[in-house]
Amino acid sequence: DGGITQSPKYLFRKEGQNVTLSCEQNLNHDAMYWYRQDPGQGLRLIYYSQIVNDFQKGDIAEGYSVSREKKESFPLTVTSAQKNPTAFYLCASSSPREGINEQYFGPGTRLTVT
Amino acid sequence: AQTVTQSQPEMSVQEAETVTLSCTYDTSESDYYLFWYKQPPSRQMILVIRQEAYKQQNATENRFSVNFQKAAKSFSLKISDSQLGDAAMYFCAFTAGAGSYQLTFGKGTKLSVIP
């Protein structure tokens, strides 16, 4: 089955630690995205990548880093510099070459930092 | 920059009835696409319906349809014959035309379905 996987579903970390969230897709999509969702908010874009070895900052990139070494994978690192890291994180992918940026989402990771 | 506004934080509907969720947007683009996504309690985002701005005909997917008013920059979602499984957060989203990578979301409307 084609789709997007995110692991783990729940993640707990102590303040001051970096943590990496996994995102893998087998849809053969060129573009991948990371969003953050907070209660009462829509989704806010953290980073996106159009192709391998390239990525751009979204609206709230501070305190986060990404890499795109493989087409299928787009891991997100939440660094200790992120002031409020506790949130729900969603990964998505799309194939804009097909003319429309219709994004498909993974199941998400709930990160809790204490 | 684009903005998407959903003015109804919460709504409720009786099972089997019809409900309409509102969405307005602001853009200077002439070519763009609009989407409604559903986020049930599992939190998986599911695409419900999409509308191409160049199409005058309103999109329909089974019990879901939109009322797209381009001049008014309005994009409402109508759910007919509401079912318990329709209970979810619904997000309106905007993306500019071909080649655009950014998707702008509204803050969502929480829909409850009353048995």
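Remember, predicted model here, so these are calculated numbers, not experimental data. (Residues numbered from 1 in each chain as written. Chains lettered and ligands numbered in written order. Predicted model: local features only at pLDDT ≥ 70, side-chain atom pairs only at ≥ 80, totals over all residues. Heavy atoms only, no water.)

Draft legend 1. The interface of chain B and chain A, seen in detail. Taken together, the contact between chain B and chain A spans 20 residues of the former and 24 residues of the latter. Taking both partners together, chain B and chain A bury about 2,000 Å²; carbon and sulfur atoms supply 54% of that area. Three residues stand out in chain B for area buried against chain A, namely Arg43(B), Tyr101(B) and Gln102(B), and they jointly supply 34% of the buried area on that side. Applying the counting rule to chain B against chain A returns one salt bridge. A salt bridge links Arg50(B) to Glu102(A); its shortest N-O distance comes to 2.1 Å. (Contact = heavy atoms within 4.5 Å. Buried area = accessible area lost by both parts, 1.4 Å probe. Salt bridge = Lys/Arg side-chain N within 4 Å of Asp/Glu carboxyl O.)

Draft legend 2. Structural context of the confidence of the model for chain A. In the predicted model, chain A carries a mean pLDDT of 92, and the fraction of residues at 70 or more is 96%. Ranking the helices and strands of chain A by mean pLDDT puts strand 7 (residues 64-66) of chain A first, with 97, and strand 2 (residues 10-13) of chain A last, with 93. (pLDDT = per-residue confidence, 0-100. Helix = DSSP H or I, 4+ residues; strand = E, 2+ residues; numbered from the N terminus.)

Draft legend 3. The arrangement of the nonpolar core in detail. Residue and element names in this part refer to chain B. In this structure, Tyr25, Trp36, Phe75, Leu77 and Tyr90 are the most contacted members of the largest nonpolar core, which totals 26 residues. Put simply, the parts of the chain that give this core at least two residues each are strand 3 (19-21), strand 5 (32-39), strand 6 (46-52), strand 8 (64-69), strand 9 (74-79), strand 10 (88-96) and strand 12 (109-114). It is strand 10 that contributes the most residues to this core, five residues altogether. (Core = buried A, V, L, I, M, F, W, Y, C linked by side-chain atoms within 4.5 Å. Buried < 20%, exposed > 50% of the residue type's maximum accessible area, 1.4 Å probe, protein only.)

Draft legend 4. Representation of the state of the cysteines. Residue and element names in this part refer to chain A. Throughout the structure, instances matching the rule amount to two disulfides over all chains. Between the sulfur atoms of Cys23 and its disulfide partner Cys91 the distance amounts to 1.8 Å. Taking the sign of the torsion about the S-S bond as the criterion, the disulfide between Cys23 and Cys91, at about -70°, is left-handed. Taken together, the residues span a long stretch of sequence, with Cys23 in strand 3 (residues 19-25) and Cys91 in strand 9 (residues 87-94) at a distance of 68 residues. (Disulfide = S-S within 2.5 Å.)

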